[in-house]
Amino acid sequence: LPFPVVLSVLLVKPMFSPRIFSLISCRRTDVLLVSPWLAPIVWEGTFNRDILNAQYRQKNFVVGVATFAVKKYVRFIEGFLGSANKFFLSGHRVNFYLFTDHPEKVPSINLAPEKRLFIIPVQNYSRWQDISMNRMDIISNHIHSHWRYEVDYLYSMDIDVQMFEHIGVEIIDTLVGTISSWQYTKPRDSNSYERHPESRAAIPHGEGDFYYAASFYGGSVSEVYKLTTACFKGVTEDRANGIEAKWHEESHLNKYLLYHKPTRLLSPEYYWDEELIRPRIIRVKRLSSVRKDLQELERLTLLLGGLRELLVPCSSLDSLVSFFFCREAKCVL
Amino acid sequence: MFICDLNQDLNSSHQRYSKAKTLSSGLWKSFLNLKSFLFSYFSFRMIYTKPQILKRSDVLMMTPWFAPIVWEGTYNSEILNEQFRQRNVTVGLTVFAIKKYVVFLKTFLETAETYFMVGHRVNYYIFTDRPEEVPKVALKEGRNVVVLQVQNYPRWQEISMRRMEMLSYFSQQRFINEVSYLVCVDVDMKFNDQVGVEILSDLFGTLHPGFYTAERRSFTYEHRPASQAYVPSDEGDFYYAGGFFGGTVTEVYKLTKKCHEAIMVDKANGIEAIWQEESHLNKYFLYHKPTKILSPEYLWDDNLGRPEILKKRRFLAVPKNHAAIRNK
């Protein structure tokens, strides 16, 4: 069958003075495109989503997304699901697995037909670090019990994020890590790896490739199962020795991905910490953390409560508040 | 190269952020245990320089469908070698020495011993109609020669195209049980520099050395719609060489089977593609995109000169007298 896409400008020599033997220049020469173990690094301008979609559609995959909204984090659910419904693998089948200790607080959201939401009750812990680290255990158990029959690929994402730009099938690969937006310019030794040898997450000085963010990682179910099991094993062993790694499960994730190298890396476009100024090399902010300053959130809630009647109809105050914090939202005030 | 002048901005905001976080995670210090550290589930260390900046900005490093294009300077052999050794991979190298082409085997095998997949397990699969003329070459440990007797054909074009049939047959019959990856190359060549595990992928092809700078309209695809190898003039990514391709046994089986079937259909319709099986290969790669592409370093002819972007010439054509050697 004739291939539907005609590859265009990307593969033609640039218009400016061509050297006799220069091959087609890639559109990004300012960033690293391929890791030293030949895993692609996904930056805007380096891929053609039409080709990727055509390759992907033939295979009829289902992708799962595991996310946790515990205690006060339930307020982020609507923003997360609303933006994910629009921007995450749009047009492809996705199962959102939402773990929460307040299932009654999950707002009803109209999801696209190929997207499904599963709400799974989970207990909370007093320390946020424990909530964060136990995610690994919960994910690995669920993969083992039923996700391996339901999805082909699984991604773990933080709930306190919103998507502003399409995230598509370019993220689908066997083992995928996201380069941290805080760390991508750092030399190896000032990376935030756990360095104390007593921890299972320790990476000795002189070792390390990139610093990966625990806010967005994934891959095939079997690889994610291996990753989460190994990381949680490290967390448990550390707990038994009374140690906690510097960045909790993110330290364990970094150790795992150092010795089991990802097959694809996502640039910081795929998890951008909102507190950072966005440099030019990050051309697109696809997924960004949402402001967690809860005091400010509460103050604003009171303020907006008073102005509510004056505003264009909004479905709920919570959505208005998260809408307001979403920079790209246009809200009449 | 990451933009360095932004470091300052990022550093200062990072310091503010990290201070806030370290205060809350200082608990473990009071419970320090002086147990000796064991890498219990990681059994090795690898020391190498941290991946940094882009070393090659003069060439395309990745296709729009995320297939890396392998050039010198884009990969780290140590990391890759370690990954493949852990998987205990055996690589099959297939080569066809039909009729007088047996003369190329000695140089081919000797140079392969020096440069091809050094340190890994290799099976050389030599397809020949003259098994007694296969030279005995000293092999390193973990490497074997397997001679497969096949028939010859009167025309060299036929011999060339029948390689697809033989590869697909033997892939299914034998290679699937013996090797993880297949590398299929021409025999009238010699290895001149490292060709290692950096080439291995599910499905890979090589950029033809004569066309890597060419525009799409110059590619010598088969342009006659009557042939199964037909590629419309507004389509085409690259022009791949028929002399170096490969992948996992399953993928190579699918490729060679498809190409062979297409060749047979053409035969029945009384047409032969302009560059024989290379045309069919190119059509296959257009609609089943390779997951890795090898630069012309991996298939070069010194008659094309030594351009600056070619940092290494790994696999070179051996000069031959076409008239003397073909059809004999």
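Residues numbered from 1 in each chain as written. Chains lettered and ligands numbered in written order. Predicted model: local features only at pLDDT ≥ 70, side-chain atom pairs only at ≥ 80, totals over all residues. Heavy atoms only, no water.

Visitor: I keep staring at the UniProt feature "binding site: UDP-N-acetyl-alpha-D-galactosamine" (unreviewed entry) in chain B and nothing clicks. Help me out?
Guide: Residues and elements named next belong to chain B. Under the feature "binding site: UDP-N-acetyl-alpha-D-galactosamine" (unreviewed entry), the UniProt entry names Phe96, Ala97, Ile98, Tyr101, Asp186, Val187 and Asp188. Judged by maximum C-alpha separation, these annotated positions cover 93 residues in sequence but sit close together in space, the widest gap being only 11.2 Å. Position of alanine 97 relative to the elements: it lies in strand 2 (residues 90-97). What makes alanine 97 buried here is its relative accessible area of 0%. Apart from the residues lying within four places of it in its own chain, the contact partners of alanine 97 are Val102, Leu105, Phe127, Thr128, Asp129 and Val187. Looking at where aspartate 186 falls in the secondary structure, it is placed in the loop between strand 5 (181-185) and strand 6 (189-191). Non-local contacts of aspartate 186, meaning those with residues more than four positions away in its chain, are made with Val95, Phe108, Arg163, Gly242, Gly243 and Phe315. Reaching out from aspartate 186, the side chain makes a polar contact with the side chain of arginine 163 at a distance of 2.7 Å. (UniProt positions renumbered as here; feature names shortened; annotations may be inferred. Helix = DSSP H or I, 4+ residues; strand = E, 2+ residues; numbered from the N terminus. Buried < 20%, exposed > 50% of the residue type's maximum accessible area, 1.4 Å probe, protein only. Contact = heavy atoms within 4.5 Å. Polar contact = N/O pair within 3.5 Å; in protein donor to acceptor, adjacent residues only side chain to side chain.)

Visitor: What is the right way to look at the packing of helix 5 (residues 249-268) of chain B against helix 6 (residues 277-287) of chain B in this model?
Guide: A packed helix pair is summarised by two numbers, namely the angle formed by the two axes and the spacing between the axes. Residue and element names in this part refer to chain B. Their axes nearest at 9 Å, the elements helix 5 and helix 6 cross at an angle of 125 degrees. With respect to their mutual orientation, helix 5 and helix 6 come out oblique. Of the two elements, helix 5 crosses helix 6, and the hand of that crossing is right-handed. Here Glu251, Lys254, Leu255, Lys258, Cys259, Ala262, Ile263 and Asp266 of helix 5 lie close against helix 6, whose contacting residues are Glu277, His280, Leu281, Tyr284 and Phe285. A class-by-class count of the residues in the contact of helix 5 with helix 6 yields seven nonpolar, one polar and five charged. (Axes fitted to C-alpha atoms, helices over the stretch in contact; angles between N-to-C directions. Parallel < 35°, antiparallel > 145°, perpendicular 65-115°, else oblique. Left-handed = near helix turned anticlockwise from the far one by under 90°. Nonpolar A, V, L, I, M, F, W, Y, C, P; charged D, E, K, R; others polar.)

Visitor: How should I be thinking about the pairing of strand 3 (residues 94-100) of chain A in this particular structure?
Guide: For a regular strand, side chains alternate in direction, first toward one face of the sheet and then toward the other. All names here are of chain A. In terms of residue burial, strand 3 counts as a mostly covered element, since seven of its seven residues are buried. Residues Val94, Phe96, Leu98 and Thr100 point to one face of strand 3 and Asn95, Tyr97 and Phe99 to the other, with burial holding for every one of them. Of the pairings in the sheet, the one linking strand 2 (residues 63-69) to strand 3 comprises seven bridges and is parallel in character. Following the sheet pairing, threonine 67 is matched in strand 3 by leucine 98. With helix 2 (residues 77-87) bridging strand 2 and the parallel strand 3, this β-α-β connection has right-handed handedness. Bridge count between strand 3 and strand 4 (residues 115-121): seven bridges; the pairing is parallel. (Pairing = 2+ DSSP bridges. Right-handed = clockwise from strand over helix to strand, strands pointing away.)

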